[in-house]
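Each chain is listed here by its residues.
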Amino acid sequence: MTPAIYPAIIVDGKQRELSPGAQIFNADNTIEMPNSLRGSNIVVNFTENNQSQVHRIWMLSPQEASKPLPVQNR
């Protein structure tokens, strides 16, 4: 993920929109405000809402990023 002009973020090279009330959790599991994000190519996991907006983001530590993603049931 790379921050962009709010409410946008870049995920895998594509611009995505944050949902109203989106939450971003840093590696310490505390909430980050979208306008305070710095850097690029931040490794994250995220969920979407019903409108395909990014709703929750978890910034991963190097240890978390090295683990495979769990299988999602839909």
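What counts and how
- Residues numbered from 1 in each chain as written.
- Predicted model: local features only at pLDDT ≥ 70, side-chain atom pairs only at ≥ 80, totals over all residues.
- Heavy atoms only, no water.
- Phe/Tyr/Trp six-rings, centres within 6.5 Å; stacked < 30°, edge-to-face > 60°.
- Helix = DSSP H or I, 4+ residues; strand = E, 2+ residues; numbered from the N terminus.
- Buried < 20%, exposed > 50% of the residue type's maximum accessible area, 1.4 Å probe, protein only.
- Core = buried A, V, L, I, M, F, W, Y, C linked by side-chain atoms within 4.5 Å.
- Contact = heavy atoms within 4.5 Å.
- Pairing = 2+ DSSP bridges.

A short note on the packing of aromatic side chains
Stage number 1. Inspection of the entire model under this criterion finds 1 aromatic pair.
Stage number 2. When the ring of Phe-25 is compared with that of Trp-58, the centres are 6.1 Å apart and the planes differ by 10 degrees; the resulting orientation is stacked. One end of the pair, Phe-25, is in strand E3 (residues 14–25); the other, Trp-58, is in strand E6 (residues 54–59), and 33 residues separate them in sequence.
Stage number 3. Owing to a relative accessible area of 14%, Phe-25 belongs among the buried residues under this scheme.
Stage number 4. For Trp-58, a relative accessible area of 31% translates into the label partly exposed.

Some points on the nonpolar core
Stage number 1. One finds Met-1, Ile-9, Val-11, Leu-18, Ile-24, Leu-37, Ile-42, Val-44, Val-54, Ile-57 and Met-59 forming the largest nonpolar core, which totals 11 residues.
Stage number 2. Those elements that place two or more of their residues in this core are strand E2 (8–11), E3 and E6.
Stage number 3. Top contributing element to this core by residue count: E6, with 3 residues.

So, the side chain of Ser-19
Stage number 1. By the element assignment, Ser-19 lies in strand E3.
Stage number 2. Looking at Ser-19, the relative accessible area reads 1%, which means it is buried.
Stage number 3. In contact with Ser-19, not counting residues within four places along its chain, are Asn-49, Gln-53, Val-54 and His-55.

Topic: the pairing of E6
Stage number 1. Relative to E6, E3 is paired through 4 bridges, and the arrangement is parallel. Among the inter-strand pairings, Gln-23 is bridged to a residue of E6, identified as Arg-56.
Stage number 2. Here 5 bridges tie strand E5 (residues 44–48) to E6, and the two strands are oriented antiparallel to one another. By the bridge assignment, Val-44 is partnered in E6 with Met-59.
Stage number 3. Taking the residues that link successive antiparallel strands as the turn, the E5-E6 hairpin has 5 residues, and the phi of Ser-52 there is positive, at about 65 degrees.

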